[in-house]
Every structure is written in C-alpha cells, then in structure tokens.
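# An overview of the molecular structure
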Amino acid sequence: MTDVNAYVPVLRRTWVQIAIYGAVCLALFTVPTLLDNDFLLNKYSRYLVLGILAMALSLSWGYCGILNLGQAASFGLGSYCMAMSLKLRTVPVHTGAEGLPDFMVWNNVTSLPWFWEPFYSLTFGIVAGIAVPMLFAAALGWFVFKGRITGVYVAIITLATLVVVNLLIIDQQRYTGGFNGITDLAILEIFGMEFDAYSRATYYLVVAVLTACLFCALMITKSKTGLIMQAIRDHEGRVRYFGYDVSNFKIFAFSASAAIAGLAGMLYTVVMEFASPTFLGVQLSLGVVIWCAVGGRQSLLGAALGAIVVTGMQGALSESEIFLETWTLLMGIVFVAVVLFLPKGLAGLAEAIVERLFGRGPRSAGDASEFGAAPAATPAGRKPEAAE
Amino acid sequence: MDLVLQQFFTGLSIASILLLVALGLWIIYGTMGVINLAHGEFVMLGAYSAWALKTFLGLGLLPSLVLIFLIVATLGWIMERGVIRYLYERPLDTILATWGLGVIMQQLVRLFAGGELRYVEMPETLSHSTFLLGVEVSVYRIFILLVVAVLFVVTWLLMHRTDIGMKLRAIIQDRDVAACFGINSDRIYGLTFAYGAGLAGLAGALVSPLKSVSPEMGTTYVVDAFMVVVLGGLESLFGTVVSAFLLGELTGIIAYLQNDTVAKALVLLAIVVLIRFRPQGLFVSRVRS
Amino acid sequence: MTGYLELEGVGVSFNGFRAVDGLNLSVRQGELRCLIGPNGAGKTTALDMICGKTKPTSGTIRLGETVLNRLEEHQIARAGIGRKFQVPSVFKELTVRDNLSVAMSRTTGVFANLFKFGRDSDLEDLHRLADLVGLGGQMDLPAGHLSHGQTQWLEIALLLAQDPDVILMDEPTAGMTAQETKKTADLFKRLRGRHTLIVVEHDMGFVKEIGDRISVMHQGRMLAEGSVEEIENDPKVREAYLGSGGISGA
C-alpha cells in the first residue's frame, strides 16, 4: 500500500460502525427479557419509532444537505395509510360488519369513498404506507430539485407543503376524521401474529424495523451513491461537472428518507392505536429536526438515539406541567447551543472523544473539525506536518 | 359600493400591520441573509411589553411606544451579538438557531407572564370611529396606518440618507470589500438586527389592542410577514410595500368569503410555486446569476 | 478546417455587458491549446460556456458531432468535457480518497451506483493518481485540510480520475512554486495527444513551456492565434497588452 499514513477515524470505519449498530440493536432486542411491563414497553416502542423518523431525516439532511422541515408529512401519510386499513377491519358499532367507519356515518357520508376501497386489503395498506409518502416526496422533489431550488428555500417549501397537507386532512373531515383523526382501530395481524400496542410482539416488530432501516440506510451511505450524496452536500455545483445529475440524487435521498418516515408512521399508528393530524404537525416536524441535530445529523445512529433520548426524557418529565414547561425551555437552550457549538451533535462529540482515547491519527487530537467549528471555518492552508 | 370600500379599508389596515412586521424581517433577511424565525417572537415581546408597562407601571400605550422599541431592539441586539453572528457562514443553521431562540422566548414568557390571554387597552383618544368617504373607519386603524407610513419613510431615509445606511448598503453588496474600506460590519449588523427587532416590537405593541396577547401570537405573523418579503423580493423596499398591500387586501377578501382552510392552503401553495419559479420575488426585474 | 471542439460566433452578455462576443475557436483532437489575454478578456467566461456553467446567448459550441449549447452541465460532462476551476473546487469535507472516488464517474446513475461498494477495482487507480500528484500519503485527510497548492493538485487529479476527452484548465499553476509549475508542465505534456486540453494561463513562461498553439483573447473576441513566436511578434497583441508591460509581464 502506498498510503502508509492512511487513517480513518475509529468511529467512521465501516466495521466499527456495523459492530456498534449491531450491538445497539441487539441491546434493544433484549430489553423485554429484563422488563416485564407492557405499559413501559409501549412507551419505549413509541420512542424507538420516533428514532426511525429522526434517522430518516439524517439520511436526507445530514448526508445530502436537504433540510426537510416537512418530514412529518411522510410520517403522517404512512400513519394514515395504516389507520385506514385497520379501521376497515373493525366492526363498526352502528352499521355492523362491512359497514361504513363510524366517523363517516357521523358526517353523513353514505358510501365508502373510492380511495378507501383498496384499503380493505391490509397488504395494500402496508405497501401504500411506504409508497404514498415516497411518491409524494419524489413528485415534490422533482418539482423542487429540477428547478435547482436549494438551501433555505427548500426548507420553506417543505414546511409550507406540510402545512397544506395538514390543513387538507383537517378540512376533509368526512373522509379523514378531521381533528379527531382515525380512532378505534383493529389490531394489526400479519401471518396470524397479532401486534397489540401493549405487547412484546409490537416492541419486537419496532426494533426489527429499526434494525432493518438502520442497516439499509447505512448501506446507502456506504455506497457510491451515498458518497455522491455527501459530495452534493459539500459542493453541489462541482458534482455536476463530473457528469452526475444532481437533482436525481437529491430526489433519491429525499424519497428514500420519505419511505422510511412512512414506515415509521405506520408503526406509530400501531403503537398509538390511532392516527391524528398532529402526526403531520409542524410541532412534530420541527421536533424531528431538533432530535436529529442534538443526536448528530451526520450519524444515522446518532440521530436515532437523539430522538430516543430526547423524547424519552420528555416522557419522563411530562408528569408535571411545570417540569414540562421548563423542559421545553431547556430543550430550546440545548438546541441553540448544539447548533452553535456542536454542528455534528452528540455523535460528533463521541467521535472526538473516542478519537482522543483510541485514535492514532496523523492529526493531533482535538482537531477543530471534529469538535465544533464547521469545516468551512478551518483555515485553508493548515496542513499537519505529521502527514508527510 | 360601500361594501367594496369597507372591504378595501379592512384590507388596507391588515396590510399596514403586515408591512410593519415585514419591514423588520426584510431588513434582517435582505441585508444579512438571515431568515429570522424568531421575528414573530419579537412581535409577541412588543405586545407583552405594552401589557407589562400598563399593568406594572400604569403607562398607556402611546407613551410606551418609544420605550417598547428600545426594549425589543436591545433584545435583538443581544441576540445578534450572542448567537446569530457566529452563524453567518451557515445560513441553514440560522433558521434552526433563530427558531430555537423563538422557542426559548416563548417559553420564558409563558413561565413569567403565564400562558393565559392578556389584553391591552386601546388609547382612549383613538378608540372611536369616524367617517371616511362615507364609510365608518376606526380611528385607531388610521393611526396605525399613519405610524407605518412614517416608519417606512424613516427606514428609507436611514438606508439612503445616513452614513450608517450607506455602510449597510455597501456591506450588502460585498462584505469583504466593505471591510477593506474600514467599515465595521459587525457593528452595522448588530444595529441592523436591533432595528429590525425594534420594528417588530412596535408592530406587536400596536396590534395588542386589536388582538389578544398570547405567547404563541408571533407564529402567524412571522409566516405572513415572510410571505410579504418573498413576494416583494429583496431588491427594493417598495416591492415590500406593494406585496404587503396585495396580501393585505387578499387576506381581507378571504376573511370576508369565510372559507379559511382552503384559502390558507391555496395561499401557501401559491407561495411554494412562487419560490420555485421566482425565488427572487415578483417585483424584481432580473438578478445577476 | 474543422476541429474537434468548435466555437462559432459564441457570445454572452450580462445585464447588457457583452463579456464575450462572436468568439471563434477551433481545437483539434489531442491538441494542447493555451488561451491567454489581458484581464477581463473573457477567457474564464469562454470556458464557462464550454462546460455549461454559463449559457451562451448566441453562437454554437460543438464537440465532435454533439452540439453543447443547450445541454445541462452534467450532460456536457458526460459528452466528454472536464473542467478545473480558477478557484480550486474540491469537496472540502470529503477525504482525498473520496474526492477521487466521486470524480471517477464512468457510471453516473443513482441506482447504478447504489450497489457499488467495492472500491477494490478502482482502488489501485485511485492510489496511482494520488501518488502521481503527491497526495499518496494524504488519502484519508479531508480535502479542506490541504494547502492551496495541494488543493490545486487534487483538482488536477480529480480531472485525471474523471478522464474526459477534453480538459479545460483555468489557471492551473496559480499559487504553485516554480518547482511545482515545472511538474505541472511535464504532466500536461504527457496528457497531450490522449486528451484535448485548453489551458488558460497568465504565466508566459509556463505557456512557452507547454504550448504549441496559442490563442489570444481581447475584449471578448479572438485577437490572434499562432505559435509562441508569432504571438510574441504580433503588433495587435502588443497593443492589447500595452500598459501592462507587454505580454511577458502579464
């Protein structure tokens, strides 16, 4: 080998990453054996689902530089697809089997709308839960990225789109349940296995999906496509002159992220036992950005753990109103501090610490770019002598 | 005919408030490239300042206005010096940081002033109506219109007739070159941000007698004001006036027609399409590539 | 005589200012052409139009049979044009190795690249290139940590990795030491024949070293074309450079 000084930081080596990701997922699988409390398991399932959602954002934001403030749109669409299928499996109280869902009856709807019909098939519902958000994102991505809209404008368009979808769902109460969402759902049943919200089975399902999503996303980031995504994040204009159609890569990252978010949304319906317009709320959508930033936008696992830790702590403190208020204040402060001083989040911090403890890089420990300052702030001419 | 005029005045009143909020946002966004999501919170703080000055010091709204401007401007200045200035190289992160700062301000107000609605009294001298062109119009709304007109002229003069304004325009063109000529861009940025925040504070104080005051009140303002700025473009102050007028009248008509949700969705969609095809705004001829 | 890369009456204006006007340029396949001219002559703009960064408002640009005018940047790149920018443009957050890997763009599709992990086949090429430009020891260093000269070399290596038919170089030796400039000249002479090169340069020593034919631009137009001696003795060229101390002082 010619590059005798070749050195990849410990936590960025592929095998180390696979080992850590695997270990975390394994640990999550063992939780139910240590904990015999269905109520807590349900709570944890909820946090893990939000972890999947944050990880999806990391894929488009952290790796491709697309700040999607409307991530909750994909999440909500997935969630509604699952809820529609499960709703049609319940036996309505008023109309009997095969009858209209209760909220339609209350809204004087006389026959099932055409777009509800296919959801009698659970398979269709599950496929739609991934395909609908993905295609929606692909269409929006095509509209935005083919027009070379970048940066803050992408953030604003995605946020505005989220609000539009949210408004429409609330407005079309007759078909969507409006503010109340879709409630009173049947229990999900796949291949004869029942996934009750308060059961180990559901917890295992969530962890399994989380594991699959993490490794799929890891695979994407390690592929050449993932590398080109990162190049686009770094210097979009330059990538074009190598012959890559930048918009296609962005559409891919955007819709892959939406597909994962849709999957998470479906699981959320199963865990929460309803679908609600708040699942497509601005509040949640911006929340995802916080989790992602705090955990580390450029680390899939970091983003997921960020969501799990933040929502977990929020859940623990939500018992008391005063605590919750203070907590929101604290989160705001932490968030601003992270944006200012830790652009790579806690994952970046962990990376720097591990590097200091175990690293043997040509660079001196505590390299500026590992810790805080954005790489752009690194003095251009600085070149470590040890590399020669 | 009366109905049309009535509707026109309602729209004009909305437009004047929109312009006041957007003016501050425009200055901050147009000159520093910072999308200040905390701008709505400056509006909210202005409204709360009006409430607090009345409740604790017994100061009426009119005498408090200058004080409110100074209070909110100082807060804006602190925010720029403390946080925003570290992020000029990272425009995407300013969105996140200003939003976080907005959350902090909302939460602080909620903790110290309570989450319930507050009300601010309208100045007695202005709380009656008069007839204009045969239509009944609230004097207070005319007052707001005049204040906004004055502030607009002041802003224009500041930009084009003062030393600081000239430096500011130099920095907008090229920050590095301006710095080479000895212009202290840091100081100018701080002052600009403070001025923009102060304007938002004034807007909040002025609307406080018309609307109830709550910690969340800023959110709607920031969205509407941002639409005004995007529509008007960053090149000229007058584009902002035209777009504020258009959006104000539009909002008035929508409110009259009473189909709020669909109208809101349509306006947002229009904004999305506008950004996609004319990110430089409607009233800008052509921007250099 | 029709060349491989052909510009016919190409022009562009910015806000009424005609930066380039009626430009004609014809370059044979495998030729190394130097493009010189006083500041503001429109050299960089000419390269911008060839690679698609700027769309010409008049004229045609052809590469072989392909008309490039209306194509997008990535299509032009796929047609076989590579560009090195005046301000070195590399991916600062990515390592030298990843920079080179991105530049190696034989397949450009999203899904064609999705299942490519094996750097094995390309690995040797990458190392060879990195060694060639003296960055063999910095493969895992983020490009943002390189010195200005090294960044120049990295971008040249990126072009070699991209391996386009036509290479456009905008002031490749800016910020290089005399020794490095010599090395660059040697490299360019080796590339000639296999690639078609257009090099914009201010350093006349470098131009004399590498160029067989020189094109001189002035005020957006082609002023003269010929060998080094012809250009140096051309009265029109002398006049254009008047006040900047003659051609060698430019």
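What counts, and at which threshold
Residues numbered from 1 in each chain as written. Chains lettered and ligands numbered in written order. Predicted model: local features only at pLDDT ≥ 70, side-chain atom pairs only at ≥ 80, totals over all residues. Helix = DSSP H or I, 4+ residues; strand = E, 2+ residues; numbered from the N terminus. Rg over C-alpha atoms; globule rule 2.2 N^0.38 Å. Buried ≥ 20, exposed ≤ 12 C-beta atoms within 10 Å, placed from the backbone. Contact = placed C-beta atoms within 7 Å. Core = buried A, V, L, I, M, F, W, Y, C linked by C-beta atoms within 7 Å. Pairing = 2+ DSSP bridges. Axes fitted to C-alpha atoms, helices over the stretch in contact; angles between N-to-C directions. pLDDT = per-residue confidence, 0-100. Nonpolar A, V, L, I, M, F, W, Y, C, P; charged D, E, K, R; others polar. Parallel < 35°, antiparallel > 145°, perpendicular 65-115°, else oblique. Left-handed = near helix turned anticlockwise from the far one by under 90°.

## With respect to the overall build of chain B
- Tallying secondary structure elements over chain B gives eleven helices and two strands in all.
- Counting from the amino terminus, chain B carries its helices and strands in the arrangement α-α-α-α-β-β-α-α-α-α-α-α-α.
- Scaling as 2.2 N^0.38, a compact globule of 289 residues should have a C-alpha radius of gyration of about 19 Å, and chain B matches this with 19 Å.
- By its C-alpha atoms, chain B is 55 × 45 × 35 Å across when sized along the principal axes.
- Looking at chain B as a whole, 44% of its 289 residues qualify as buried.
- Long-range contacts, defined here as pairs at least 24 residues apart, represent 78% of the contacts in chain B between residues at least 6 apart.

## Some thoughts on the nonpolar core
- Among the nonpolar cores identified, the biggest contains 270 residues, and L53 of chain A together with A157 of chain C are the most heavily contacted of them.
- Considering each element in turn, this core owes the most residues, 19 residues, to helix α10 (residues 246-272) of chain A.
- Discounting chain neighbours no more than four positions away, the residues touching L53 of chain A are Q71, F75, A261, A264, V288 and A307 of chain A.

## Regarding the environment of G82 of chain C
- Note on placement: G82 of chain C falls in strand β6 (residues 81-84).
- Spatially, the C-alpha atoms of G82 of chain C and S227 of chain C are 25 Å apart, while their sequence positions differ by 145 residues.

## Comments concerning the sheet that holds strand β7 (residues 166-170) of chain C
All names here are of chain C.
- In space, the six strands of this open sheet follow the order β6-β7-β8-β3-β9-β10, with mixed pairing throughout. A single partner strand is all that each edge strand has here, and the edge strands are β6 and β10 (221-226). Mean inter-strand twist for the sheet, computed between neighbouring axes without regard to direction, equals 20 degrees.
- Here helix α5 (residues 148-162) sits on the sheet and contacts β6 and β7; the angle it forms with β6, its principal contact strand, is near 175 degrees.

## Some details on the confidence of the model for chain B
- When pLDDT is averaged along chain B, the result is 83; 96% of the residues meet or exceed 70.
- Here the predicted complex carries an ipTM of 0.91, next to a pTM of 0.87.

## Remarks on the interface of chain A and chain C
- Each partner contributes residues to the interface: chain A has 37 residues there, and chain C has 39 residues.
- For the side of chain A that touches chain C, the secondary-structure elements that each account for two or more residues are α8 (200-222), α9 (224-240) and α10 of chain A.
- Among the elements that line the side of chain A that touches chain C, the one with the most residues is α9 of chain A, at ten residues.
- Among the residues making up the side of chain A that touches chain C, the classes are represented as 16 nonpolar, eleven polar and ten charged.

## Quick look at unusual backbone geometry
- Even without a glycine there, the phi angle at R148 of chain A is positive, about 60 degrees.
- Since 16 C-beta atoms lie within 10 Å of it, R148 of chain A is described here as partly exposed.
- In this structure, D163 of chain C takes a positive phi of about 55 degrees despite not being glycine.
- Note on placement: D163 of chain C falls in the loop between α5 and β7.
- The exposure class assigned to D163 of chain C is partly exposed, which follows from the 17 C-beta atoms found within 10 Å.

## Here we look at the environment of D165 of chain C
All names here are of chain C.
- Checked against the element boundaries, D165 lands in the loop between α5 and β7.
- With 17 C-beta atoms counted inside 10 Å, the residue D165 sits in the partly exposed group.
- Each C-alpha atom, one on D165 and one on D131, is 22 Å from the other, the two residues being 34 residues apart in sequence.
- If we ignore the near neighbours within four places in the chain, the residues touching D165 are G80, H195 and T196.

## Brief notes about the packing of helix α1 (residues 2-32) of chain B against helix α8 (residues 185-207) of chain B
Residues and elements named next belong to chain B.
- Relative orientation of the contacting elements α1 and α8 amounts to 165 degrees, with a least axis distance of 8 Å. Taken together, the axes of α1 and α8 are roughly antiparallel relative to one another. Seen along the crossing, α1 lies across α8 with a hand that is left-handed. For the pair α1 and α8, contact is made by I17, L20, V21, L23, G24, L25, I27, I28, T31 and M32 and by Y189, T192, F193, Y195, G196, A197, L199, A200, L202, A203, L206 and V207, respectively.
- Its residues assigned to classes, the contact of α1 with α8 shows 18 nonpolar, four polar and no charged.

## Remarks on the confidence of the model for chain A
Residue and element names in this part refer to chain A.
- The predicted model of chain A has a mean per-residue pLDDT of 86, with 88% of residues at 70 or higher.
- Looking across chain A, the model is least confident in helix α15 (residues 368-371), with a mean pLDDT of 36, and most confident in α10, with 97.
- Counting interchain partners and residues more than four positions distant, the pLDDT-below-50 stretch residues 1-5 has twelve contacts.
- Low pLDDT (under 50) marks residues 362-388, which in the prediction has 49 contacts with non-local residues, meaning those over four places away or in another chain.

## Section: the sheet that holds strand β1 (residues 5-14) of chain C
Residue and element names in this part refer to chain C.
- As summarised here, the arrangement of the four strands in space is β2-β1-β4-β5, forming an open sheet in which the pairing is antiparallel. Edge strands, defined here as strands with exactly one partner in the open sheet, are β2 (17-27) and β5 (66-67).
- Relative to strand β4 (residues 58-63), β1 is paired through five bridges, and the arrangement is antiparallel. Paired with L5 across the bridge in β4 is L63.

## Re the pairing of strand β9 (residues 213-218) of chain C
Residue and element names in this part refer to chain C.
- With four bridges connecting them, strand β3 (residues 32-36) and β9 associate as parallel partners. What sits directly across from I36, in β9, is V216.
- Where β9 lies against β10, five bridges are found, and the strand directions are antiparallel. Bridged to V216 within β10 is A224.
- Joining the antiparallel neighbours β9 and β10 is a turn of two residues, in which Q219 adopts a positive phi near 50 degrees.

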